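Observations on chain architecture
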Amino acid sequence: MTKVMMSNSSKTGNHVSATMCKYVIWSPANGLGNRMISIASTFLYAVLTERVLLVRFEPDMHGLFCEPFQESTWVLPMDSPFWKNENLETYESVVLARNLTLDDQLSLPSVLFIDLQYRPEDPERFFHCGHNQEALNKVDVLIIQSDQYFVPSLFMIQSFSLDLNKMFPEKDAVFHHVGRYLFHPSNEAWGQITRFYDAYLAKANERIGLQVRVFNPASTPQQAVMNLLLSCAIENKILPEIDTRNPVSNAKNTNHTLKAVLVTSLYPEYAENLRTMYLRGATITGEVIGVYQPSHEQEQKFNDNVHNIKALVDMYLLSLCDVLVTTSVSTFGYVAHGFRGLKPWLLYRLTSDETHSPACVRDLSPEPCYHFAPQHQCNGLKPEQHFGTSFPHIFECKDFNRGVKLVDGV
Ligand SMILES: Nc1nc2c(ncn2[C@@H]2O[C@H](COP(=O)(O)OP(=O)(O)OP(=O)(O)O)[C@@H](O)[C@H]2O)c(=O)[nH]1
Ligand SMILES: [Mg+2]
């Protein structure tokens, strides 16, 4: 976006003077799921603070999305000086480390780097605090690096919450609206999505999406994951059991409902096992089950836009399903159910040869979880794990109790 915007602060007397644009530049961290939820958060922050959003898309993000804003590009220009973080002053040292007086705020730098990415030491950023937002408001260019869905923290800031409450009457549909507004698959990705959908999913009576994310494949046997997935699907009647007494299809059973199961995973074995299972035995309900998987990349690949297009295709296809089972704590899954606006079944996150009961739980809302949400009040009082839940519509995440998420109508 290159147009000059009017800022409220520039309204003087009876005339409104055009001022220089203020910008927020998004900088990537981690996988595509993390990137998409943090871009959505940064976009909302840009809207609330009247900034132009630009994104640092390196070649690994090329060819994924269409431009979201007509007749302009959101990609940071190649010749921009803001591609590198070196020599930039940081929010941490300029705003956080000092108790800024109003005079100090006048001498803030024109560019600041804000690190909102998760760090093992888990520092509190106090980004959810009005006084820090006031200081940031004086800075022309903010560069935000984040892998988090920090939207819930925007609802904690009083000066934003009025607008946010008006913008989102349904509090659990923020990513649904923002994500679908921003992320239009490119022609290449859209072609793959529609061809796959038309070939395997369109004619089914019901579409079931299963996202099998294995975080520690070396320590988690496939059989343990498969058992967990089946327990979740069968106990909750997402998929039917096999009729072990009647291996041949019961001719009297006239229910020939067709269920299409979309499996997304880095590995092919889960879909193959399911396909074999439903090929070898008839279902007790008479339902006919087809199992399909668009890709199986084996491992997360870095600096590879073709791999990222496949990930986008998988997430988007999941979002076209009627029922979703996604893996706990997976931001890839968050994008899928957030896009769809559907509460998923959250599969327990296995990391070893174990079992867990229940295998999955129904989520509270379709919103992504903000994993490393603020824990401190703005006056710096002692940390409280569930500080965020003292705000309306913000609840502890079912899949990650350090995190919070937006929930509607509870
Ligand atoms: N195509 C495809 N890629 C996947 C799948 N699961 C993981 N990946 C790849 O691995 C990356 C994982 O990063 P995220 O998208 O953030 O997903 P996540 O489940 O939160 O994983 P981590 O961030 O690594 O904890 C994805 O972006 C893909 O590149 C899958 O089912 N299909
Ligand atoms: Mg992730």
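Identification of the chain as Fucosyltransferase from Stylosanthes scabra is taken from an unreviewed UniProt entry. The Sequence similarities (unreviewed entry) field of the UniProt record for the chain holds the comment "Belongs to the glycosyltransferase 37 family." Turning to the chain, the UniProt record has this under Function (unreviewed entry): "May be involved in cell wall biosynthesis."

Points about unusual backbone geometry
Trans is the prevailing form of peptide bonds, just as negative phi is the prevailing case for residues other than glycine. For the bond running from Ser-357 to Pro-358, omega is 0 degrees, close enough to zero to count as cis. Relative to the helices and strands, Pro-358 is located in the loop between strand S11 (345-347) and strand S12 (360-362). For Glu-71, which is not a glycine, the phi torsion comes out positive at approximately 55 degrees. For Glu-71, the position within the fold is in the loop between strand S4 (52-55) and helix H2 (91-96). Of note, Asp-122 is a non-glycine position whose phi angle comes to about 50 degrees, a positive value. Its location among the elements puts Asp-122 in the loop between strand S5 (111-115) and helix H4 (130-136).

Observations regarding the pairing of S5
Among the 5 residues in S5, 5 count as buried, and that is most of the element. By the alternation rule, side chains of S5 split into Val-111, Phe-113 and Asp-115 and Leu-112 and Ile-114, which are all buried. As defined by bridge partners, S5 adjoins strand S6 (residues 141-145) across 5 bridges and the pair is classed as parallel. Of the residues in S6, the one forming a bridge with Ile-114 is Ile-144.

Re helix H6 (residues 158-167)
For H6, the complete set of buried residues consists of Phe-160, Ser-161 and Leu-164. Taken end-on, H6 shows its buried residues confined to a sector of 100 degrees, consistent with a single buried face. For H6, the exposed residues lying more than 90 degrees away from the buried face are Gln-158, Ser-159, Leu-162 and Lys-166. For H6, the secondary structure elements touched by its buried residues are helix H1 (32-48), H4 and helix H5 (151-155).

Points about the environment of Trp-74
Here Trp-74 lies in the loop between S4 and H2. Once the C-alpha coordinates of Trp-74 and Leu-54 are considered, the two residues, 20 residues apart in sequence, prove to be 4.7 Å apart. Not counting chain neighbours up to four residues away, the residues in contact with Trp-74 comprise Ile-39, Leu-53, Leu-54, Val-55, Phe-57, Glu-67, Pro-68, Phe-69, Leu-182 and Phe-183.

Some points on the packing of aromatic side chains
With the rule as written, the count across this model stands at 22 aromatic pairs. On the numbers, 4.8 Å between centres and 55 degrees between planes, the contact of Phe-196 with Tyr-200 is tilted. One end of the pair is Phe-196 and the other is Tyr-200, both in helix H8 (residues 187-201) and 4 residues apart, which spans about a single turn. You can call Tyr-200 partly exposed: its relative accessible area is 38%. Here the aromatic rings of Phe-387 and Phe-391 are separated by 5.6 Å at their centres, their planes lie at 90 degrees, and the arrangement is edge-to-face. On the basis of relative accessibility, which here comes to 6%, the residue Phe-387 falls in the buried class. An aromatic cluster is built from Trp-26, Phe-43, Phe-57, Phe-65, Phe-69, Trp-74, Tyr-181 and Phe-183, whose rings are joined through pairwise contacts. A cation over a ring is seen here: Arg-349 above Phe-215, with NZ or CZ 3.9 Å from the ring centre.

A closer look at the sheet that holds S11
If you trace the 6 strands from one edge of the open sheet to the other, you get S9-S8-S7-S10-S11-S12, paired in mixed fashion. Each edge of the open sheet carries a strand with a single partner, namely strand S9 (288-292) and S12. Between one strand and the next, the sheet's axes are offset by a mean angle of 20 degrees, whatever the strand orientation. Taken together, the 3 bridges between strand S10 (residues 323-327) and S11 define a ladder with parallel strand orientation. Residue pairing across strands places Val-325 opposite Trp-345, the latter belonging to S11. Packing against the sheet, H8 makes contact with strand S7 (206-212), strand S8 (258-265) and S9, and its axis sits at approximately 140 degrees to S8. Seen against the sheet, helix H10 (residues 269-280) touches S7, S8 and S9 and runs at an angle of roughly 160 degrees to S9.

Some points on the site of ligand 1
Residues in contact with ligand 1 amount to 18 residues; listed here are only the nearest, Asn-34, Arg-213, His-307, Ser-330 and Thr-331. Within the backbone of Ser-265, a nitrogen or oxygen atom sits 3.1 Å from an oxygen atom of ligand 1. For ligand 1, whose accessible area on its own is 610 Å², the fraction buried by protein is 90%. Put simply, the parts of the chain that give the shell around ligand 1 at least two residues each are H1, S8, helix H11 (305-318) and helix H12 (331-340). Here the element with the most residues in the shell around ligand 1 is H11; it accounts for 4 residues. Class assignment for the residues of the shell around ligand 1 results in 5 nonpolar, 10 polar and 3 charged.

What counts, and at which threshold
- Residues numbered from 1 in each chain as written.
- Chains lettered and ligands numbered in written order.
- Predicted model: local features only at pLDDT ≥ 70, side-chain atom pairs only at ≥ 80, totals over all residues.
- Heavy atoms only, no water.
- UniProt positions renumbered as here; feature names shortened; annotations may be inferred.
- Helix = DSSP H or I, 4+ residues; strand = E, 2+ residues; numbered from the N terminus.
- Buried < 20%, exposed > 50% of the residue type's maximum accessible area, 1.4 Å probe, protein only.
- Pairing = 2+ DSSP bridges.
- Arc of directions from axis to C-beta.
- Contact = heavy atoms within 4.5 Å.
- Phe/Tyr/Trp six-rings, centres within 6.5 Å; stacked < 30°, edge-to-face > 60°.
- Lys NZ or Arg CZ within 6 Å of the ring centre and 35° of its normal.
- Axes fitted to C-alpha atoms, helices over the stretch in contact; angles between N-to-C directions.
- Near = heavy atom within 4 Å.
- Polar contact = N/O pair within 3.5 Å; in protein donor to acceptor, adjacent residues only side chain to side chain.
- Areas by Shrake-Rupley, 256 points an atom, 1.4 Å probe, with all protein chains shown as cover.
- Nonpolar A, V, L, I, M, F, W, Y, C, P; charged D, E, K, R; others polar.

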